[in-house]
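A structural walkthrough
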Amino acid sequence: MKRAEPFDEGVRGLRVYAFLYLAFLYIPVLLLPLFSFNNSLFIAFPLTGFTTRWYAEMAADSEMHAALLNTLKVGTLASLSSTILGLLAAKALARGGLKGASAFIGLTSLPLFIPEIVLGISLLVLVTAMGIGLSLLSVAIGHLLVCLPFAIAVLLSRLEGFDASLEEASRDLGENGWMTFWRVTFPLVLPGIVSSLLLTFIVSFDDFMIAFFLCGTDTTLPVYIFGELRFPNKLPGVLALGSTILLVSGGLVFVAEWVRHAGVRLKPHRIIGR
Amino acid sequence: MSGENFLSVQNVSKRFGTTLAVDRISLQIGKGEFFSLLGPSGCGKTTLLRMIGGFSFPDEGSIAIEGADVTWLPPNERPTNMVFQSYAIFPHLNVHDNIGYGLRSEGVPQAERDARIKDVLRLIKLEGYGERRAQELSGGERQRVALARALIKRPKVLLLDEPLGALDKRLREAMQVELRELQRELKITFVFVTHDQEEALFLSDRIAVMEKGRILQIADPKTLYEQPNSRKVAEFIGTMNVFEARVTGIKAGNARLASPVLGEFTAPLRAGVNAAAGTTLLAAIRPEKFSLSREMSPRAIKGRIAAIAYLGDRDQFRVMAGGSTLTVSAHNLGGANSALCVGDAVYLSCAPDAVVLLNQD
Amino acid sequence: MKTAVAGMTRLERVFQRSETGSALALLSPSLIVLVVTLATPMALLVLYSLWTQNGLSLDTHPTLAQYEVVFGRAGYLALFVRSIAISSLVTLVTVALAYPMAYFVAFHVKRAKFVWLILLNVPFWTSYLLRVFAWKVILGFDGVINSGLIKLGLIEKPLAFLLYNPTAVVVTLAHAYAAFAILPIYVSLEKIDRSYLEAAADLGDGPVRRFMRITLPLSLPGIIGAAVLIFVPTTGDYVTPTLVGGSDGVMIANLIQVQFGRVNNWPLGAAMSIASMAAVGVLAALVVQAARASVARIR
């Protein structure tokens, strides 16, 4: 007769809890797509019928198109710049033993601990004082600030497993610094770079607070959505838009995380004794 | 209660997925015995130890201590304690609280706890270390704290999972001496897991040699060394010369054999060895049982030295004889043997009872 | 030196000479960004908090008048206390709910850990705005819960107390920040060497005592990290109180935003921001200290 192993007390309870928790995490968000196909102006039960007209309505909205375009522009700029800076920083930190490394990481992570409203208004104060004013560029700069910690975290975790002797071997075989980077370092770090680009893009894409304060007349998508929430007859359209965003960003995150966990093993295989 | 069956393992098996890690193992360990499980990586010795300790349950079989069945008891309810391979010293507690951890679990009042911890610290020679933390201790010190933490519970059986593996050679040898003295003094039953056969021979009252989930032989160190029951055990413990020999006759408890390596020679018969005339057996001889000489003597075989290794306390020779290579070792007492060179002709002989007869595998 | 290392340019040799030199070069762009977008604005904010808004013009004589207003008006203090109370409740609930989940993945998932982590991670990356909006829809008077309960015949009239009050804010924030709690707790649980737990069991502890004496103290850094990661940002959250808080669920951020919006009193807004950040920071530090001290007494 096989009994459960010791140390497995309470597993069954925990497993039930785990699934309930996942349901708690996902169900509220999954309601959005559910009602986006519902043929009713009211977001309530009972469901009255399947329709795609909210999607059609949303797809035809030119204001939404403009906001989407702006968001894409800002997102691309923010993700590229934060990934590049993050890569340089991670390269310096991954070497290890740098004094003040943890201080640096603490500093770059500070934006995560400052309430977004404070970040928003302080940047507002900055761009006003500098005379730059409200614009998509200002938004991109603000996004660079909040995306940087994510880029550094992702790239650092990728580079930390990097065997320095790979670069030394390349040097030894005759390549100079730049070519070594291009032929050895870059391909191995690529999954981390892709992951960072995707994740920082999503952070920028989803940001509301900073864009709210800094965007001026060219709105981004979250700011546009926030504005639409005041109109009850626009709500199903917003649902459709929101569901599309959720699907796309969810998919992107999935890809980003998969790429991050997969990819060539950077640490030499350790032979396990037992 | 017979001392022999203090710890009794009956027909225990354990499977991980499709691999059979422990295959129907039975053994009886006596009270106060220093018993070792010896074998290469993957032989199942640690799996078996963990089942005795309660960290995993067997798929078949039972385990009993002093007659009471403990097979399904969790570790906290068994009269056993374990010294882990990684020592598992709690990082958030100092030495004093680490050692006293199990006493708190029992509800021992503080005054008694402090007194017993003080005694144990003296026993392991770490007086005054009470306030230190794991990170401040060396490997050897951590090992002793792990030992103390287990011993203070006065277990009926102490389990040790390769506790000296992480220490360097000198420290390991010192700890081996301390461990043996400690065991003799406390008279607690020890079950010790190791892959180092010298360590097992030095420490143990009896050893179980294991391979692939099975026990090959259980015996005291001397018997294991002098009378291994199979080629596997013979070659696992120390170095052994093994070659084929054909039985030509049997007389008065001895067998007469013939082999190209040793010519015609005699060897004592053993129980379990099928020595009918005409069978081919294995003859096993330890390197130090040979006599090596430049001079010819009756029954000596002629050989040629192929290699010499100077090992400090002894010389080890590789000798070509009768188409095989034999390993011969001679203690470094100076004299004629130190003048031997590669290529020299030598004469080898050994006493009949130095030959161990084994069945072919 | 004529004998250069193969393939190195002169620029590289300059960097190579000092390890720290080259490291600093790589870190400097990020540091510049931090100085420009974080340090400078914060400094400006402090400056603003010392100025005064006179109608349409800005009086830049340094004065603590704004702080006197912030700490003087009873209404502001009450709002601050309510915000802290809401955030504390959110933090407690979120961390308490997340811990068993993280524990399950760390200790009881053998093969599909990777899948669970991604599943738990994905909500973290979805739009915060949309998640709050989802709750607005769920808790509304004509919303999902009410219409569902009516349809099932459990109630006759819709429940009005679900939305536009502090409870709605707490529920929404707890859900929105749930993902923030899981990862730090999981990481610290995962790091715990399983042999510590085996040793504790071996020495006589049952499952509950093992948890209290070993798992909990050793996972404390993760718990504290998660708590701070939730507490500090939620005190200053704007979106949730705006969408689901109504007039009863107003929090500090609403008040601050108004100063930069229609009221146009930037100095007061700046003073509110600095004061609340400082207070929250001090509170958080105190709670962390207290937590560490009480856990350190576990033997």
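As the structure is a computational prediction, the values presented were derived from the model and not from experiment. (Residues numbered from 1 in each chain as written. Chains lettered and ligands numbered in written order. Predicted model: local features only at pLDDT ≥ 70, side-chain atom pairs only at ≥ 80, totals over all residues. Heavy atoms only, no water.)

**Some thoughts on the overall build of chain A**
The number of helices and strands found in chain A is 11 helices and zero strands. In chain A, the succession of α and β elements from N to C terminus is α-α-α-α-α-α-α-α-α-α-α. Whereas a compact globule of 274 residues would reach a radius of gyration of roughly 19 Å, chain A reaches 23 Å, over 25% beyond that. Principal-axis analysis of the C-alpha atoms places the extent of chain A at approximately 75 × 65 × 30 Å. Counting only residues that meet the buried cut, chain A has 50% of its 274 residues in that class. In chain A, 72% of the contacts between residues at least 6 apart in sequence involve partners at least 24 apart. Surface exposure of chain A reaches about 13100 Å², of which carbon and sulfur atoms provide 69%. (Helix = DSSP H or I, 4+ residues; strand = E, 2+ residues; numbered from the N terminus. Rg over C-alpha atoms; globule rule 2.2 N^0.38 Å. Buried < 20%, exposed > 50% of the residue type's maximum accessible area, 1.4 Å probe, protein only. Contact = heavy atoms within 4.5 Å. Areas by Shrake-Rupley, 256 points an atom, 1.4 Å probe, with all protein chains shown as cover.)

**Considerations on helix α6 (residues 136-159) of chain A**
Residue and element names in this part refer to chain A. For α6, built from 24 residues, the straight-helix expectation of 34 Å at 1.5 Å per residue is met to within 8% by its first-to-last C-alpha distance of 32 Å. Its maximal kink placed at C147, α6 deviates by approximately 40°, while the proline P149 follows within four residues. For α6, the N-terminal cap is S135; the gap from its side-chain oxygen to the backbone nitrogen of L137 is 3.3 Å. (Expected span 1.5 Å × (residues − 1). Bend = angle between axes of the 7 residues up to and from the residue. Polar contact = N/O pair within 3.5 Å; in protein donor to acceptor, adjacent residues only side chain to side chain.)

**Describing the interface of chain C and chain B**
Listed as interface residues are 19 residues of chain C and, on the opposing side, 22 residues of chain B. With both chains or domains summed, chain C and chain B bury close to 1900 Å², and 56% of this area falls on carbon and sulfur atoms. By the criterion of area lost to chain B, the three top residues of chain C are D202(C), L203(C) and R299(C), representing 37% of everything that side buries. Summed over the shared surface of chain C and chain B, the result is one salt bridge. The residue R50(B) makes a salt bridge to E198(C) at a minimum N-O spacing of 2.7 Å. Our count for the chain C to chain B interface comes out at 12 residue pairs in polar contact (both at pLDDT 80 or more). The set of elements that each furnish at least two residues to the side of chain C that touches chain B consists of α10 (194-202) and α11 (207-235) of chain C. Classifying every residue of the side of chain C that touches chain B by side-chain character gives nine nonpolar, three polar and seven charged. (Buried area = accessible area lost by both parts, 1.4 Å probe. Salt bridge = Lys/Arg side-chain N within 4 Å of Asp/Glu carboxyl O. Nonpolar A, V, L, I, M, F, W, Y, C, P; charged D, E, K, R; others polar.)

**Overview of the pairing of strand β11 (residues 241-251) of chain B**
In summary, the side chains of a regular strand alternate between the two faces of the sheet. Residue and element names in this part refer to chain B. Relative to strand β14 (residues 280-285), β11 runs antiparallel, the two sharing six bridges. Counterpart to R246 in the pairing with β14 is T280. One ladder, built from five bridges, connects β11 with strand β12 (residues 254-259); its direction is antiparallel. Looking at the pairing, K251 lines up with N254 of β12. Linking two consecutive strands that pair antiparallel, namely β11 and β12, is a turn of two residues; a positive phi of about 50° is found at A252 within it. (Pairing = 2+ DSSP bridges.)

**With respect to the interface of chain A and chain C**
Across the boundary between the two partners, chain A contributes 86 residues, which contact 84 residues of chain C. Here chain A and chain C share an interface that buries about 7700 Å² over both sides, 82% of which is from carbon and sulfur atoms. When the area that chain A buries against chain C is broken down by residue, the three leading residues are F7(A), Y21(A) and V125(A), summing to 8%. One can count five residue pairs in polar contact (both at pLDDT 80 or more) joining chain A with chain C. Considering every element that reaches the side of chain A that touches chain C, the biggest residue donor is helix α1 (residues 11-36) of chain A, with 16 residues. Split into classes, the residues belonging to the side of chain A that touches chain C amount to 68 nonpolar, nine polar and nine charged.

**Details of the confidence of the model for chain B**
Taken as a whole, chain B shows an average pLDDT of 91; of its residues, 97% reach a score of 70 or greater. Under the prediction, the complex receives an ipTM of 0.86, its pTM being 0.84. (pLDDT = per-residue confidence, 0-100.)

**Focus: the sheet that holds strand β4 (residues 60-65) of chain B**
Residue and element names in this part refer to chain B. Pairing within the open sheet is antiparallel, and its four strands lie in the order β2-β1-β4-β5. Edge positions in the sheet fall to β2 (19-29) and β5 (68-69), since each of these pairs with one other strand and no more. With seven bridges connecting them, strand β1 (residues 7-16) and β2 associate as antiparallel partners. Paired with F16 across the strands is T19, a residue of β2. Sheet strands touched by helix α1 (residues 45-53): β1, β2 and β4. Its angle to β1, the strand with the most contacts, is close to 120°. (Axes fitted to C-alpha atoms, helices over the stretch in contact; angles between N-to-C directions.)

**Observations regarding a nonpolar patch on the surface**
All names here are of chain C. Residues L89, L92, V93 and L97 make up a contiguous nonpolar surface patch of roughly 330 Å² in combined accessible area. With respect to the secondary-structure elements, L97 resides in helix α4 (residues 74-108). Of the residues examined, L97 reaches a relative accessible area of 33% and is grouped as partly exposed. (Patch = residues over 30% accessible without salt bridge, like charges linked within 9 Å, V, L, I, M, F, W, Y side chains within 5 Å.)

**Details of unusual backbone geometry**
Phi is positive for R154(B), which is not a glycine, with a value near 50°. With respect to the secondary-structure elements, R154(B) resides in the loop between α5 (139-151) and β7 (157-161). The phi dihedral of N264(C) falls on the positive side, at around 55°, and the residue is not glycine. Examined against the element boundaries, N264(C) turns out to sit in the loop between α13 (252-260) and α14 (266-296).

**Overview of the nonpolar core**
With 189 residues, the main nonpolar core has I117(A), L37(B), F90(B), M101(C), V105(C) and L189(C) as its most contacted residues. Top contributing element to this core by residue count: α4(C), with 15 residues. Once you skip the residues sitting within four places of it in the chain, L37(B) turns out to touch L27(B), K45(B), L48(B), V191(B), F192(B), V193(B), T194(B), A208(B) and M210(B). (Core = buried A, V, L, I, M, F, W, Y, C linked by side-chain atoms within 4.5 Å.)

**Details of empty space enclosed by the protein**
In this approach, a probe sized like a water molecule rolls over the atoms, and the result shows the empty space that is left. All told, the structure shown has three cavities of 30 Å³ or more when counted by the stated rule. Here the largest cavity defines a volume of roughly 620 Å³. E116(A), F150(A), V203(A), Y128(C) and F180(C) are, among the 31 residues lining the largest cavity, the residues nearest its centre. Elements supplying a minimum of two residues to the lining of the largest cavity: α4 (101-113), α5 (116-130), α6 and α8 (177-206) of chain A together with α5 (113-125), α6 (128-139) and α11 of chain C. In terms of lining, the second largest cavity is formed by F205(A), D206(A), L221(A), P222(A), I225(A), I245(A), S127(C), L129(C) and L130(C). Sorting the residues of the lining of the second largest cavity by element identifies α8 and α10 (221-228) of chain A together with α6 of chain C as the ones contributing at least two each. In terms of residue count, α10(A) provides more of the lining of the second largest cavity than any other element does, three residues in total. (1 Å grid on protein atoms, 1.4 Å probe; cavity = no way out; pocket = protein on both sides within 12 Å on 5 of 7 lines; lining within 4 Å. Points joined across faces, edges and corners; volume = space filled by probe spheres on them.)

**A word on the packing of aromatic side chains**
Tallied over the full model, the rule gives 29 aromatic pairs over all chains. Between F90(B) and Y101(B) the ring centres are 4.7 Å apart and the planes differ by 45°, which places this aromatic pair in the tilted class. In this pair, F90(B) is assigned in the loop between β6 (80-83) and α2 (95-99) and Y101(B) in helix α3 (residues 101-106), connecting sequence segments 11 residues apart. The buried category is assigned to Y101(B), whose relative accessible area is 0%. Judged by centre distance (6.2 Å) and plane angle (70°), the ring pair of Y103(C) and F211(C) falls under edge-to-face. One end of the pair, Y103(C), is in helix α4; the other, F211(C), is in helix α11, and 108 residues separate them in sequence. Accessibility expressed as a relative area gives 18% for Y103(C), which makes it buried. For R286(B), the ring lying beneath its charged end belongs to Y225(B), and the centroid distance is 3.9 Å. (Phe/Tyr/Trp six-rings, centres within 6.5 Å; stacked < 30°, edge-to-face > 60°. Lys NZ or Arg CZ within 6 Å of the ring centre and 35° of its normal.)

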